[in-house]
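Architecture at a glance
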Amino acid sequence: MPEKKPINGFSKLNKQEKLEVVASYFEDSENALAELQTFWHNDPKKQKLFDEFSENTITNFFFPFGVAPNMLINGKKYMVPMVIEESSVVAAASSSAKFWADKGGFHAKIISTEKIGQVHFIWKGTPEKLKTHMPAIKKKLINGAKDITFRMEERGGGVLDIELIDMTYELENYYQLKATFETKDSMRANFINSSLEEFSSLLKSYFTENNDFVNGEKDCMVIMSILSNYTPNCLVEAFVECDIDELEQPGIDMNPEAFAWKFDKAVKIANVDTFRATTHNKGIFNGIDSVALATGNDFRAIEACGHTYAARSGKYRSLTKVSIKDGKFKYTLRIPLALGTVGGLTTLHPMAKRSLELLGNPNAEELMMIVAVTGLANNFGAIKSLVTKGIQQGHMKMHLFNILNHYDATEEEKKKAVVYFEDKKVSFQKISEFIKDFRS
Ligand code: MEV
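Predicted, not measured: the structure shown is a model, and the values here were computed from it.

**Digging into helix α16 (residues 428–439)**
- Over its twelve residues, α16 runs 16 Å from end to end, which matches the ideal 16 Å to within 8%, given 1.5 Å per residue.
- Of the residues making up α16, those classed as buried are I431, S432, F434 and I435. On an axial view of α16, the arc spanned by its buried residues comes to 160°, and they lie on one face. Across from the buried face of α16, at angles greater than 90 degrees, the exposed residues are Q429, K436 and D437.

**Focus: the pairing of strand β2 (residues 76–83)**
- Note: strand β1 (residues 65–73) against β2, seven bridges, orientation antiparallel. For L72, the partnering residue across the bridge sits in β2 and is K77.
- In textbook terms, the turn of a hairpin is the stretch between consecutive antiparallel strands, and for β1 and β2 this stretch comprises two residues, one of which, N74, has a positive phi near 50°.

**Regarding the domain arrangement of the chain**
- We note that the domain assignment places domain 1 (1–62), domain 2 (65–102 + 236–389), domain 3 (115–228) and domain 4 (399–439) within the chain.
- For domain 1 and domain 4, the distance between their C-alpha centroids amounts to 35 Å.

**Considerations on the pattern of salt bridges**
- Under the counting rule described, the total for this entry stands at 19 salt bridges.
- Residue E52 pairs with K48 through a salt bridge whose shortest N-O separation is 2.4 Å. With E52 and K48 both in helix α3 (residues 44–53), this residue pair falls four residues apart, about one helical turn.
- Classification of E52 as exposed rests on a relative accessible area of 55%.
- Given a relative accessible area of 47%, K48 falls into the partly exposed group.
- In this structure, D423 engages K424 in a salt bridge whose closest nitrogen and oxygen atoms are separated by 3.2 Å.

**Quick word on the site of the ligand**
- Neighbouring the ligand are E86, R276, T279, H280, K282, G283, N286, A382, I383, L386 and I391.
- Between the ligand and the protein, one listed contact pairs an oxygen atom with a side-chain N or O atom of E86 at 2.5 Å.
- Take R276: an N or O atom from its side chain is 2.7 Å from an oxygen atom of the ligand.
- For the ligand, whose accessible area on its own is 300 Å², the fraction buried by protein is 81%.
- If one sorts the elements of the shell around the ligand by residue count, helix α9 (residues 274–294) sits on top with six residues.
- In terms of residue class, the shell around the ligand is made up of four nonpolar, four polar and three charged.

**Structural notes on the sheet that holds strand β7 (residues 220–228)**
- Within the open sheet, the four strands sit side by side as β5-β6-β4-β7. Their pairing is antiparallel. What marks the edges here is a single partner per strand, and that holds for β5 (158–166) and β7. Averaged over all adjacent pairs, the angle separating strand axes in this sheet is 20°, with direction ignored.
- Sheet analysis places β5 next to strand β6 (residues 174–182), joined by eight bridges and oriented antiparallel. Following the sheet pairing, D161 is matched in β6 by T180.
- Helix α5 (residues 127–144) contacts β4 (115–123), β5 and β6 of the sheet and is inclined by roughly 165° relative to β5.

**Things to note about the pairing of strand β9 (residues 320–325)**
- Across six bridges, the pairing between β9 and strand β10 (residues 328–336) is antiparallel. In the sheet register, V322 faces β10, and the bridge partner there is Y331.

**Things to note about the packing of α9 against helix α13 (residues 364–386)**
- The N-to-C vectors of α9 and α13 enclose an angle of 135°; their axes lie 7 Å apart at closest approach. As judged from the angle between their axes, α9 and α13 are oblique. When you trace α9 past α13, the crossing you get is right-handed. Note on element contacts: α13 touches α9 through V371, T374, G375, N378, N379, I383 and L386, opposite R276, H280, G283, I284, N286, G287, I288 and V291.

Rules behind the numbers
Residues numbered from 1 in each chain as written. Predicted model: local features only at pLDDT ≥ 70, side-chain atom pairs only at ≥ 80, totals over all residues. Heavy atoms only, no water. Helix = DSSP H or I, 4+ residues; strand = E, 2+ residues; numbered from the N terminus. Expected span 1.5 Å × (residues − 1). Buried < 20%, exposed > 50% of the residue type's maximum accessible area, 1.4 Å probe, protein only. Arc of directions from axis to C-beta. Pairing = 2+ DSSP bridges. Domains from an automatic or database assignment. Salt bridge = Lys/Arg side-chain N within 4 Å of Asp/Glu carboxyl O. Near = heavy atom within 4 Å. Polar contact = N/O pair within 3.5 Å; in protein donor to acceptor, adjacent residues only side chain to side chain. Areas by Shrake-Rupley, 256 points an atom, 1.4 Å probe, with all protein chains shown as cover. Nonpolar A, V, L, I, M, F, W, Y, C, P; charged D, E, K, R; others polar. Axes fitted to C-alpha atoms, helices over the stretch in contact; angles between N-to-C directions. Contact = heavy atoms within 4.5 Å. Parallel < 35°, antiparallel > 145°, perpendicular 65-115°, else oblique. Left-handed = near helix turned anticlockwise from the far one by under 90°.

As structure tokens, this is what we get:
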């Protein structure tokens, strides 16, 4: 392919022009252009909505939208929407939902719901002097930002506290204001960031206007004001528990005690070994991200926060833990999840809106519990398979259709393959041989 010159002013082109530029990057430009267009929504109004979510949009990228039915949480049954491209994830969540349904289902509770924002600044005075001014600074900031915060206060949220953090031992003259917020059901980003920007200009004027400060002390250099995606005090706990005897599984050649013992060891390994912990937690995020995506929540923020939380002891560890006591098995996930059910994509994206509707229009706290439970369900399913029959048998069965699609298998070939592989190990090689034999 000939090397392309840098493009100037791409963002100023209209959609069709952008599409043509992009299509010119493919060997088969005409086909590529036509193919990209086949993923446009047939309702132009809906397509415009999607186009306007982001920038330089030329088409849509489809992901499957599936559901895990019968997810029993705190005695209430949910049909959980999951947007995910990986085979086995929805199946694992659904099978865990089924496994726990007759054992009391999943339980979940909210521990806390606090969000955090920071104003990072450089100031050339002593920490002691700044500390004496903090009560007055806090008052000025909270009162001065009322224009921004009053609506949130009407809904029961707002600024909870503003704290001075002396960071001068890490970086010369570096301080921060750490503000905590309650944002109720909203996607909090815009509210927190607007409040913080207001705080930063009020903070600067506090130094210039106050006569207690002289010379360089009058200058406060705000470096940045932004929310933190690490919200360790926006915590939810999800757990399952049952008598060890109830862990009996048909078709598994392992008694319930041995299963509980091996399960516990698998989780302990994820607690002490970072390589395993990463994969273990990834299995949790399979469930969490797919519900976050389905409900229009920011899964990057959720992942970043969860992984930081997993490393809070100074070492990256498992997010779940097992307790085996007095003949009882309990499996718990504790995770920070800052989610919203109003604002942002939650209401704008038609499918996110439908997902929330499917869940009975939960508030943010209820959604936190549903999402955490789905993460736990996925992880439980993964560990259950890993310590018994292994992951590949079930995974490859689910992957069968992807491999068959790779070979452009017809409906008839797919039907035959499902029957053929029912009692056989699935692998790319084996499917390739099956297709070759069938076609010859
Ligand atoms: C695959 O997406 C997730 C697993 O690797 C998780 C795990 O190993 O616990 C199966």
